[in-house]
Amino acid sequence: MLGYFGPAGTFTHQALRTVTEEEAVAFASVREALDAVRQGDVTRAVVPIENSVEGGVSATLDELIAGAPLAIQGEIVIPVEFGIYAREGTELADVREVLTHGHAAAQCRDWLATNLPDAGVTEAGSTAGAAAEVARPDSRYDAAVCARVAGEMYGLRELAYQIEDNAGAVTRFVEVGRAGSVPPRTGADKTTLVAYMRQDHAGALLEILEQFAVRGVNLSRIESRPTKTTLGSYCFSIDCEGHLHDKRVAETLEGLHRVCPQVFFLGSYPRANQRRPDIAVGFSDGEFDAAAAWVASLSRRP
Ligand SMILES: O=C(O)C(=O)Cc1ccccc1
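Residues numbered from 1 in each chain as written. Predicted model: local features only at pLDDT ≥ 70, side-chain atom pairs only at ≥ 80, totals over all residues. Heavy atoms only, no water.

## Let's talk about the domain arrangement of the protein
Thought 1: What the domain assignment reports for the protein is domain 1 (1-80 + 170-180), domain 2 (83-161) and domain 3 (181-302).
Thought 2: A separation of 23 Å is found between the C-alpha centroids of domain 1 and domain 2.
Thought 3: Contacts between domain 1 and domain 2 engage 15 residues on the former and 15 residues on the latter.
Thought 4: Around 1,100 Å² of area is buried between domain 1 and domain 2 when both sides are counted, 65% of it from carbon and sulfur atoms.
Thought 5: Three residues, Gly-9, Phe-11 and Glu-54, lead the burial of domain 1 against domain 2; their summed loss comes to 35% of the area buried on that side.
Thought 6: The interface formed by domain 1 and domain 2 contains zero salt bridges.
Thought 7: For the interface between domain 1 and domain 2, the tally reads three residue pairs in polar contact (both at pLDDT 80 or more).
Thought 8: Residue assignment for the side of domain 1 that touches domain 2 shows that the elements contributing at least two residues are α1 (11-17) and β4 (55-56). (Domains from an automatic or database assignment. Contact = heavy atoms within 4.5 Å. Buried area = accessible area lost by both parts, 1.4 Å probe. Salt bridge = Lys/Arg side-chain N within 4 Å of Asp/Glu carboxyl O. Polar contact = N/O pair within 3.5 Å; in protein donor to acceptor, adjacent residues only side chain to side chain. Helix = DSSP H or I, 4+ residues; strand = E, 2+ residues; numbered from the N terminus.)

## Thoughts on the site of the ligand
Thought 1: Taken together, Phe-5, Thr-10, Phe-11, Thr-12, Phe-82, His-101, His-103, Ala-104, Gln-107, Ser-126, Thr-127 and Thr-171 form the complete shell of residues around the ligand.
Thought 2: Here an oxygen atom of the ligand and a backbone polar atom of Phe-11 are 2.8 Å apart.
Thought 3: In this structure, an oxygen atom belonging to the ligand sits 2.5 Å away from a side-chain N or O atom of Thr-127.
Thought 4: When the ligand is considered free in solution it has 310 Å² of accessible area, and contact with the protein chains removes 99% of it.
Thought 5: Of all the secondary-structure elements, those providing two or more residues to the shell around the ligand are α1 and α4 (102-107).
Thought 6: At three residues, the largest contribution of residues to the shell around the ligand is made by α4. (Near = heavy atom within 4 Å. Areas by Shrake-Rupley, 256 points an atom, 1.4 Å probe, with all protein chains shown as cover.)

## Points about the sheet that holds strand β7 (residues 97-100)
Thought 1: Spatially, β8-β7-β9-β6-β10 is the arrangement adopted by the five strands of the open sheet, whose pairing is mixed. Only two strands of the sheet have a single partner each, and these edge strands are β8 (120-123) and β10 (157-161). Taken pair by pair, the neighbouring strands of this sheet meet at an average axis angle of 30 degrees, ignoring direction.
Thought 2: With four bridges joining them, strand β6 (residues 83-86) and strand β9 (residues 143-146) adopt antiparallel strand pairing. Across the sheet, the residue bridging to Ile-84 is Val-145, located in β9.
Thought 3: Contacts from helix α6 (residues 127-135) reach β6, β7 and β9 within the one sheet, and its direction differs from that of β9 by about 160 degrees. (Pairing = 2+ DSSP bridges. Axes fitted to C-alpha atoms, helices over the stretch in contact; angles between N-to-C directions.)

## A closer look at the UniProt feature "domain: ACT" (unreviewed entry) in the protein
Thought 1: Those places that UniProt annotates as "domain: ACT" (unreviewed entry) correspond, in this numbering, to residues 193-270.
Thought 2: Helix makes up 29% of residues 193-270 and strand 36%. Its end C-alpha atoms lie 15 Å apart. (UniProt positions renumbered as here; feature names shortened; annotations may be inferred.)

## Examining the sheet that holds strand β13 (residues 219-226)
Thought 1: Taken together, the four strands give an open sheet; going across it, the order is β13-β14-β12-β15, and neighbouring strands pair in antiparallel fashion. Looking at strand neighbours, the two that pair on one side only are β13 and β15 (263-270), the edges of this open sheet. Direction aside, the axes of adjacent strands within the sheet are offset by 15 degrees on average.
Thought 2: Two strands pair when backbone bridges link them, and strand β12 (residues 189-196) and β15 are joined in this way by six bridges, in the antiparallel orientation. Along β15, the bridge assignment pairs Lys-190 with Tyr-269.
Thought 3: Contacts from helix α8 (residues 204-213) reach β12, β13 and β14 (234-241), with the element oriented near 15 degrees to β14.

## Brief notes about the side chain of Glu-164
Thought 1: For Glu-164, the location among the structural elements is in the loop between β10 and β11 (170-178).
Thought 2: One buried charged residue, Glu-164, remains without a salt bridge, the closest side chain of opposite sign being Arg-148 at 10 Å.
Thought 3: Here the side chain of Glu-164 touches Phe-82 through a polar contact of 2.9 Å, landing on its backbone nitrogen.
Thought 4: Those residues in contact with Glu-164 that sit more than four places away from it in its chain are Val-80, Glu-81, Phe-82, Gln-107 and Cys-108. (Buried < 20%, exposed > 50% of the residue type's maximum accessible area, 1.4 Å probe, protein only. Lys, Arg positive; Asp, Glu negative; His and termini not counted.)

## Re empty space enclosed by the protein
Thought 1: Scanning all chains against the criterion turns up two cavities of 30 Å³ or more.
Thought 2: Along the walls of the largest cavity sit 17 residues, with Phe-11, Pro-48, His-101, His-103 and Thr-171 positioned nearest its centre.
Thought 3: Elements supplying a minimum of two residues to the lining of the largest cavity: α1, β3 (44-51), α4 and β11.
Thought 4: For the lining of the largest cavity, the element with the highest residue contribution is α4, accounting for three residues.
Thought 5: Size it by volume and the second largest cavity reaches roughly 30 Å³.
Thought 6: The wall of the second largest cavity is formed by Leu-61, Asp-62, Ile-65, Val-194, Arg-225, Cys-235 and Ser-237.
Thought 7: For the lining of the second largest cavity, the secondary structure elements donating two or more residues are α3 (58-64) and β14.
Thought 8: The residue inventory of the lining of the second largest cavity, partitioned by class, reads four nonpolar, one polar and two charged.
Thought 9: The residues that make up the lining of the second largest cavity include at least three from each of domain 1 (1-80 + 170-180) and domain 3 (181-302). (1 Å grid on protein atoms, 1.4 Å probe; cavity = no way out; pocket = protein on both sides within 12 Å on 5 of 7 lines; lining within 4 Å. Points joined across faces, edges and corners; volume = space filled by probe spheres on them. Nonpolar A, V, L, I, M, F, W, Y, C, P; charged D, E, K, R; others polar.)

Structure representation (C-alpha coordinates):
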(Lines give C-alpha, C1' and ligand atoms only; values in the text may rest on other atoms or scores of the structure.)
Protein backbone atom coordinates (compact mmCIF):
# COMPACT_ATOMS: atom_id res chain seq x y z
CA MET A 1 0.00 0.00 0.00
CA LEU A 2 1.11 3.50 -0.89
CA GLY A 3 0.84 6.53 1.41
CA TYR A 4 0.92 10.24 0.64
CA PHE A 5 0.83 13.64 2.28
CA GLY A 6 -2.88 14.36 2.14
CA PRO A 7 -5.78 14.73 2.45
CA ALA A 8 -7.16 13.97 -1.02
CA GLY A 9 -6.66 16.93 -3.34
CA THR A 10 -3.18 18.01 -2.20
CA PHE A 11 -0.55 18.68 -4.82
CA THR A 12 1.18 15.59 -3.46
CA HIS A 13 -1.94 13.56 -4.26
CA GLN A 14 -1.88 14.94 -7.82
CA ALA A 15 1.79 14.04 -8.15
CA LEU A 16 1.05 10.50 -7.00
CA ARG A 17 -1.80 10.19 -9.50
CA THR A 18 0.57 11.01 -12.36
CA VAL A 19 2.44 7.76 -11.69
CA THR A 20 -0.18 5.31 -10.40
CA GLU A 21 -3.89 4.62 -10.03
CA GLU A 22 -3.08 2.25 -7.15
CA GLU A 23 -5.12 2.70 -3.96
CA ALA A 24 -3.32 5.03 -1.55
CA VAL A 25 -3.77 6.19 2.02
CA ALA A 26 -3.59 9.87 3.02
CA PHE A 27 -1.59 11.12 6.02
CA ALA A 28 -2.12 14.57 7.53
CA SER A 29 1.59 15.41 7.77
CA VAL A 30 4.90 14.52 6.16
CA ARG A 31 6.03 13.05 9.49
CA GLU A 32 3.02 10.72 9.71
CA ALA A 33 3.49 9.61 6.10
CA LEU A 34 7.19 8.82 6.65
CA ASP A 35 6.56 7.16 10.04
CA ALA A 36 4.03 4.89 8.33
CA VAL A 37 6.83 3.77 5.98
CA ARG A 38 9.17 3.23 8.94
CA GLN A 39 6.55 1.14 10.75
CA GLY A 40 5.73 -0.88 7.64
CA ASP A 41 2.09 0.33 7.50
CA VAL A 42 2.73 1.41 3.90
CA THR A 43 5.52 0.28 1.59
CA ARG A 44 6.21 3.74 0.16
CA ALA A 45 4.97 7.29 0.67
CA VAL A 46 4.95 10.33 -1.60
CA VAL A 47 5.93 13.64 0.01
CA PRO A 48 6.95 17.08 -1.34
CA ILE A 49 10.69 17.84 -1.18
CA GLU A 50 11.49 20.94 -3.25
CA ASN A 51 9.85 23.63 -5.28
CA SER A 52 11.25 25.99 -7.83
CA VAL A 53 10.18 29.11 -5.94
CA GLU A 54 10.62 28.36 -2.24
CA GLY A 55 13.42 25.76 -2.37
CA GLY A 56 13.50 22.73 -0.08
CA VAL A 57 10.52 21.62 2.01
CA SER A 58 12.16 21.68 5.44
CA ALA A 59 9.62 19.33 7.05
CA THR A 60 10.62 16.64 4.55
CA LEU A 61 14.35 17.32 4.55
CA ASP A 62 14.42 17.04 8.35
CA GLU A 63 12.07 14.08 8.67
CA LEU A 64 14.03 12.01 6.16
CA ILE A 65 16.98 11.76 8.53
CA ALA A 66 15.03 11.52 11.81
CA GLY A 67 14.57 7.94 12.97
CA ALA A 68 14.93 4.64 11.13
CA PRO A 69 16.68 4.99 7.76
CA LEU A 70 14.58 5.66 4.68
CA ALA A 71 15.50 5.76 1.00
CA ILE A 72 14.12 7.81 -1.86
CA GLN A 73 13.01 5.44 -4.63
CA GLY A 74 11.89 7.94 -7.25
CA GLU A 75 10.95 11.54 -7.96
CA ILE A 76 7.94 13.21 -9.58
CA VAL A 77 7.99 16.81 -10.81
CA ILE A 78 4.69 18.55 -11.56
CA PRO A 79 3.67 22.13 -12.39
CA VAL A 80 1.72 23.84 -9.61
CA GLU A 81 -1.02 26.40 -10.22
CA PHE A 82 -3.05 27.90 -7.41
CA GLY A 83 -6.59 29.22 -7.14
CA ILE A 84 -8.55 30.81 -4.31
CA TYR A 85 -11.77 29.04 -3.27
CA ALA A 86 -14.65 29.95 -0.96
CA ARG A 87 -18.08 28.79 0.11
CA GLU A 88 -20.99 29.63 -2.19
CA GLY A 89 -22.08 33.23 -1.65
CA THR A 90 -18.63 34.58 -0.68
CA GLU A 91 -17.16 37.13 -3.10
CA LEU A 92 -13.49 38.08 -3.25
CA ALA A 93 -14.32 41.41 -1.57
CA ASP A 94 -15.77 39.47 1.44
CA VAL A 95 -12.59 37.51 2.12
CA ARG A 96 -11.04 38.46 5.48
CA GLU A 97 -9.28 35.23 6.47
CA VAL A 98 -7.35 33.00 4.07
CA LEU A 99 -6.13 29.52 4.96
CA THR A 100 -3.44 27.58 3.07
CA HIS A 101 -0.15 25.66 3.25
CA GLY A 102 2.91 27.82 3.93
CA HIS A 103 4.48 27.09 0.53
CA ALA A 104 1.27 28.05 -1.25
CA ALA A 105 1.06 31.32 0.71
CA ALA A 106 4.68 32.05 -0.20
CA GLN A 107 4.08 31.38 -3.89
CA CYS A 108 1.02 33.67 -4.01
CA ARG A 109 2.37 36.39 -1.68
CA ASP A 110 2.23 39.25 -4.21
CA TRP A 111 -1.23 38.31 -5.48
CA LEU A 112 -2.59 38.15 -1.93
CA ALA A 113 -0.93 41.46 -0.97
CA THR A 114 -2.37 43.18 -4.05
CA ASN A 115 -5.84 41.67 -4.13
CA LEU A 116 -6.52 41.01 -0.44
CA PRO A 117 -4.26 43.52 1.34
CA ASP A 118 -6.27 43.44 4.58
CA ALA A 119 -6.87 39.70 4.78
CA GLY A 120 -5.12 37.55 7.34
CA VAL A 121 -3.27 34.51 5.95
CA THR A 122 -3.11 31.47 8.24
CA GLU A 123 -0.95 28.40 7.64
CA ALA A 124 -2.76 25.08 7.36
CA GLY A 125 -1.36 21.54 7.33
CA SER A 126 -1.92 21.32 3.57
CA THR A 127 -3.74 23.12 0.76
CA ALA A 128 -6.46 20.46 0.55
CA GLY A 129 -6.79 20.45 4.35
CA ALA A 130 -7.40 24.21 4.07
CA ALA A 131 -10.10 23.62 1.44
CA ALA A 132 -11.79 21.02 3.67
CA GLU A 133 -11.77 23.46 6.59
CA VAL A 134 -13.16 26.36 4.51
CA ALA A 135 -15.96 24.04 3.30
CA ARG A 136 -17.29 23.75 6.89
CA PRO A 137 -20.29 26.13 7.13
CA ASP A 138 -19.13 27.47 10.51
CA SER A 139 -15.44 27.85 9.55
CA ARG A 140 -13.75 31.05 10.68
CA TYR A 141 -11.84 31.08 7.37
CA ASP A 142 -13.39 32.59 4.25
CA ALA A 143 -11.16 31.17 1.52
CA ALA A 144 -8.49 28.57 0.79
CA VAL A 145 -5.58 28.80 -1.62
CA CYS A 146 -5.29 25.36 -3.18
CA ALA A 147 -5.35 23.35 -6.40
CA ARG A 148 -8.43 23.53 -8.62
CA VAL A 149 -9.13 19.82 -7.95
CA ALA A 150 -9.18 20.52 -4.21
CA GLY A 151 -11.60 23.43 -4.64
CA GLU A 152 -13.90 21.17 -6.66
CA MET A 153 -13.47 18.17 -4.35
CA TYR A 154 -14.57 20.14 -1.29
CA GLY A 155 -17.48 21.87 -3.07
CA LEU A 156 -16.00 25.38 -3.07
CA ARG A 157 -16.40 28.17 -5.60
CA GLU A 158 -13.44 29.52 -7.56
CA LEU A 159 -12.86 33.24 -6.89
CA ALA A 160 -9.68 33.48 -8.99
CA TYR A 161 -7.27 31.10 -10.69
CA GLN A 162 -3.56 31.12 -11.53
CA ILE A 163 -2.85 33.46 -8.65
CA GLU A 164 0.78 32.29 -8.33
CA ASP A 165 3.39 35.05 -8.56
CA ASN A 166 5.71 33.01 -10.79
CA ALA A 167 4.12 31.31 -13.77
CA GLY A 168 5.70 27.95 -14.55
CA ALA A 169 6.56 27.01 -10.96
CA VAL A 170 7.11 23.29 -10.41
CA THR A 171 7.27 21.16 -7.29
CA ARG A 172 9.29 18.03 -6.87
CA PHE A 173 7.94 15.12 -4.86
CA VAL A 174 9.74 11.96 -3.79
CA GLU A 175 8.60 8.40 -3.31
CA VAL A 176 10.18 7.17 -0.10
CA GLY A 177 10.62 3.56 1.01
CA ARG A 178 12.60 1.79 3.71
CA ALA A 179 16.38 1.88 3.35
CA GLY A 180 18.11 -1.11 1.83
CA SER A 181 16.76 -1.27 -1.69
CA VAL A 182 18.38 0.92 -4.31
CA PRO A 183 16.55 1.16 -7.66
CA PRO A 184 18.73 -0.04 -10.56
CA ARG A 185 20.98 2.46 -12.31
CA THR A 186 19.43 3.97 -15.45
CA GLY A 187 22.24 6.32 -16.52
CA ALA A 188 19.99 9.32 -15.76
CA ASP A 189 19.92 9.17 -11.98
CA LYS A 190 20.11 11.40 -8.97
CA THR A 191 21.54 10.73 -5.51
CA THR A 192 20.35 12.46 -2.33
CA LEU A 193 22.44 12.67 0.84
CA VAL A 194 22.99 14.71 3.97
CA ALA A 195 26.55 15.56 5.01
CA TYR A 196 27.37 16.95 8.45
CA MET A 197 30.11 19.55 8.50
CA ARG A 198 33.04 19.55 10.91
CA GLN A 199 33.16 22.74 12.92
CA ASP A 200 36.70 22.46 14.24
CA HIS A 201 38.68 23.83 11.32
CA ALA A 202 38.57 26.29 8.44
CA GLY A 203 37.63 24.99 5.00
CA ALA A 204 35.29 22.20 6.15
CA LEU A 205 32.58 23.19 3.66
CA LEU A 206 35.16 23.41 0.91
CA GLU A 207 36.28 19.86 1.78
CA ILE A 208 32.71 18.63 1.32
CA LEU A 209 32.38 20.35 -2.05
CA GLU A 210 35.79 19.11 -3.17
CA GLN A 211 34.64 15.50 -2.84
CA PHE A 212 32.16 16.13 -5.65
CA ALA A 213 34.30 18.48 -7.73
CA VAL A 214 37.39 16.27 -7.96
CA ARG A 215 35.25 13.33 -9.15
CA GLY A 216 33.27 15.29 -11.75
CA VAL A 217 29.95 14.94 -9.89
CA ASN A 218 27.54 17.79 -10.56
CA LEU A 219 25.25 19.05 -7.77
CA SER A 220 21.61 19.88 -8.50
CA ARG A 221 20.66 21.12 -5.01
CA ILE A 222 22.54 22.06 -1.85
CA GLU A 223 20.90 23.51 1.23
CA SER A 224 22.12 24.07 4.74
CA ARG A 225 19.97 22.81 7.59
CA PRO A 226 20.62 23.31 11.30
CA THR A 227 21.58 20.06 13.04
CA LYS A 228 19.30 21.16 15.92
CA THR A 229 22.05 20.54 18.49
CA THR A 230 23.85 23.84 19.02
CA LEU A 231 23.58 27.26 17.42
CA GLY A 232 25.83 27.42 14.36
CA SER A 233 25.94 23.66 13.80
CA TYR A 234 24.86 22.84 10.23
CA CYS A 235 24.53 19.93 7.87
CA PHE A 236 24.06 20.06 4.11
CA SER A 237 21.24 18.43 2.24
CA ILE A 238 22.55 17.64 -1.23
CA ASP A 239 21.30 16.21 -4.54
CA CYS A 240 23.91 15.22 -7.09
CA GLU A 241 23.84 13.70 -10.55
CA GLY A 242 24.56 9.99 -10.74
CA HIS A 243 23.88 6.72 -8.95
CA LEU A 244 25.47 4.91 -6.01
CA HIS A 245 26.59 2.29 -8.55
CA ASP A 246 28.50 4.89 -10.60
CA LYS A 247 32.14 4.73 -9.52
CA ARG A 248 32.47 8.52 -9.31
CA VAL A 249 29.46 8.74 -6.97
CA ALA A 250 30.55 5.79 -4.80
CA GLU A 251 34.02 7.36 -4.44
CA THR A 252 32.44 10.72 -3.60
CA LEU A 253 30.48 9.04 -0.80
CA GLU A 254 33.69 7.38 0.45
CA GLY A 255 35.39 10.79 0.44
CA LEU A 256 32.50 12.37 2.36
CA HIS A 257 32.64 9.55 4.88
CA ARG A 258 36.30 10.37 5.50
CA VAL A 259 35.90 14.14 5.91
CA CYS A 260 32.46 14.46 7.56
CA PRO A 261 31.47 13.40 11.08
CA GLN A 262 28.24 11.91 9.69
CA VAL A 263 26.80 11.18 6.25
CA PHE A 264 23.26 9.94 5.51
CA PHE A 265 22.71 8.27 2.14
CA LEU A 266 19.06 8.97 1.23
CA GLY A 267 18.86 7.12 -2.07
CA SER A 268 19.77 6.89 -5.75
CA TYR A 269 16.84 6.95 -8.14
CA PRO A 270 15.91 7.80 -11.74
CA ARG A 271 15.63 11.51 -12.55
CA ALA A 272 12.15 12.69 -13.48
CA ASN A 273 13.45 14.52 -16.57
CA GLN A 274 15.55 11.51 -17.67
CA ARG A 275 18.48 13.83 -18.38
CA ARG A 276 21.81 12.00 -18.52
CA PRO A 277 24.75 13.85 -16.97
CA ASP A 278 27.74 14.93 -19.03
CA ILE A 279 30.54 12.73 -17.77
CA ALA A 280 33.80 14.59 -18.26
CA VAL A 281 36.91 12.82 -19.54
CA GLY A 282 38.49 10.86 -16.68
CA PHE A 283 35.30 10.18 -14.71
CA SER A 284 33.63 7.20 -16.42
CA ASP A 285 33.44 3.81 -14.67
CA GLY A 286 35.92 2.43 -17.22
CA GLU A 287 38.46 5.11 -16.38
CA PHE A 288 38.06 4.51 -12.62
CA ASP A 289 38.56 0.74 -13.21
CA ALA A 290 41.61 1.33 -15.41
CA ALA A 291 43.14 3.63 -12.78
CA ALA A 292 42.53 1.07 -9.99
CA ALA A 293 44.02 -1.71 -12.15
CA TRP A 294 47.10 0.42 -12.83
CA VAL A 295 47.63 1.11 -9.09
CA ALA A 296 47.22 -2.62 -8.32
CA SER A 297 49.77 -3.45 -11.00
CA LEU A 298 52.44 -1.25 -9.44
CA SER A 299 53.32 -3.72 -6.70
CA ARG A 300 53.29 -6.74 -9.04
CA ARG A 301 56.61 -8.06 -10.27
CA PRO A 302 57.25 -7.43 -13.97
O1 LIG B 1 -0.44 21.13 0.58
C2 LIG B 1 -0.28 20.52 -0.50
O3 LIG B 1 -1.14 20.45 -1.38
C4 LIG B 1 1.01 19.84 -0.76
O5 LIG B 1 1.06 18.82 -1.39
C6 LIG B 1 2.23 20.59 -0.34
C7 LIG B 1 2.48 21.66 -1.34
C8 LIG B 1 2.04 22.95 -1.08
C9 LIG B 1 2.28 23.94 -2.04
C10 LIG B 1 2.91 23.64 -3.20
C11 LIG B 1 3.32 22.35 -3.47
C12 LIG B 1 3.11 21.37 -2.52
